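Summary of the model geometry
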Amino acid sequence: MNNGNSILEAILSEQKELTQPALSGMLRVRSANQVLKESSETPDPKQYYPHMIVEGEITILFADTGIGKSVIAVQIGDYIARQGVPLLYVDLELSDKQFEKRYRDDGGRLYRFPDCFYRADFTPSFEYPKGVSYEDYFIKSLREAITACGAKVVIIDNMTKLSAADTDTAKATIPIMNEVTKLKHEGLTFLAIEHNKKS
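The rules we used
- Residues numbered from 1 in each chain as written.
- Predicted model: local features only at pLDDT ≥ 70, side-chain atom pairs only at ≥ 80, totals over all residues.
- Heavy atoms only, no water.
- Helix = DSSP H or I, 4+ residues; strand = E, 2+ residues; numbered from the N terminus.
- Buried < 20%, exposed > 50% of the residue type's maximum accessible area, 1.4 Å probe, protein only.
- Contact = heavy atoms within 4.5 Å.
- Areas by Shrake-Rupley, 256 points an atom, 1.4 Å probe, with all protein chains shown as cover.
- Phe/Tyr/Trp six-rings, centres within 6.5 Å; stacked < 30°, edge-to-face > 60°.
- Lys NZ or Arg CZ within 6 Å of the ring centre and 35° of its normal.
- Salt bridge = Lys/Arg side-chain N within 4 Å of Asp/Glu carboxyl O.
- Pairing = 2+ DSSP bridges.
- Right-handed = clockwise from strand over helix to strand, strands pointing away.

Turning our eyes to something else, we now look at the overall build of the protein chain. Looking only at helices and strands, one finds six helices and nine strands in the protein chain. With 199 residues in all, the protein chain has 31% of them scored as buried. When contacts within the protein chain are restricted to residue pairs at least 6 apart in sequence, long-range pairs at least 24 apart make up 71% of them. Carbon and sulfur atoms provide 54% of the accessible area of the protein chain, an area that totals close to 13,300 Å².

In structure tokens form, the structure reads like this:
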């Protein structure tokens, strides 16, 4: 009889673990079984770009300067937008003319991107408001741009440009990545381009 009670107590204990996650500051603790059960009740995410860009995730593409990260990022964005997914390409690298020359053939014909492929760049000679940090103003501007075009996928090319004014690039980038993570939890998908750090 005692053995039966022990089994019942174990079952009740497991059920308690499954239904009552423990919150510990930044962390939510659940049993692995609870995670599997809850996740199984939600649909699988879409693969916007096979095996690389998955709905609701942040993907970081990094490599040395000048080997084609931006070209690959635009090709990925073009592929995604051709599936009818609104996409915002935040181009912090090229001027309009540089972008145009890259997507123009020798005969002067311009490449035709899908209509739901949007490009954003820095507003010429912009000044961020006094009392607002660079990072906060960038995130505010990014949110407005996402809303304006209804983007589901955002490509940021590249993160290094967001911290160029700071000698500690990691310190400057962390607040922006924290906000990008919040946007991810709101249903957005991100591809962030980054240069390898020089040692």
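Another point: the packing of aromatic side chains. The full count for this structure, using the stated rule, is seven aromatic pairs. Pairing Tyr89 with Phe117 gives two aromatic rings, centres 6.1 Å apart and planes at 35°, and the pair type is tilted. Within this pair, whereas Tyr89 is found in strand S6 (residues 87-91), its partner Phe117 is found in strand S7 (residues 117-120), the two being separated by 28 residues in sequence. Of the two residues, Tyr89 and Phe117, neither departs from the other in class, the shared state being buried. Chaining the aromatic ring pairs together yields one cluster made of Tyr89, Phe99, Tyr103, Tyr111, Phe113 and Phe117. Note that Arg119 overlies the ring of Phe99, its terminal NZ or CZ placed 4.6 Å from the centroid.

Two side chains with opposite charge may pair up if their charged atoms get near one another. In this structure the tally under the stated criterion is 13 salt bridges. Here Glu41 ties to Lys37 by a salt bridge, and the two come within 3.2 Å at their closest N and O atoms. With its nearest N and O atoms 2.9 Å apart, the salt bridge here joins Asp96 to Arg119. Taken together, the positions of Asp96 in helix H4 (residues 96-102) and Arg119 in strand S7 put the pair 23 residues apart, joining distant regions of the chain. Linked through salt bridges whose partners overlap, the residues forming this network are Asp91, Asp96, Arg119 and Asp121.

Before going further, it helps to examine the pairing of S7. Inspection of the sheet shows S6 paired to S7 by four bridges, in the parallel sense. By the bridge assignment for S7, Leu88 is matched with Tyr118. At this point the chain moves from S6, through H4, to the parallel S7, and the crossover so formed is right-handed.

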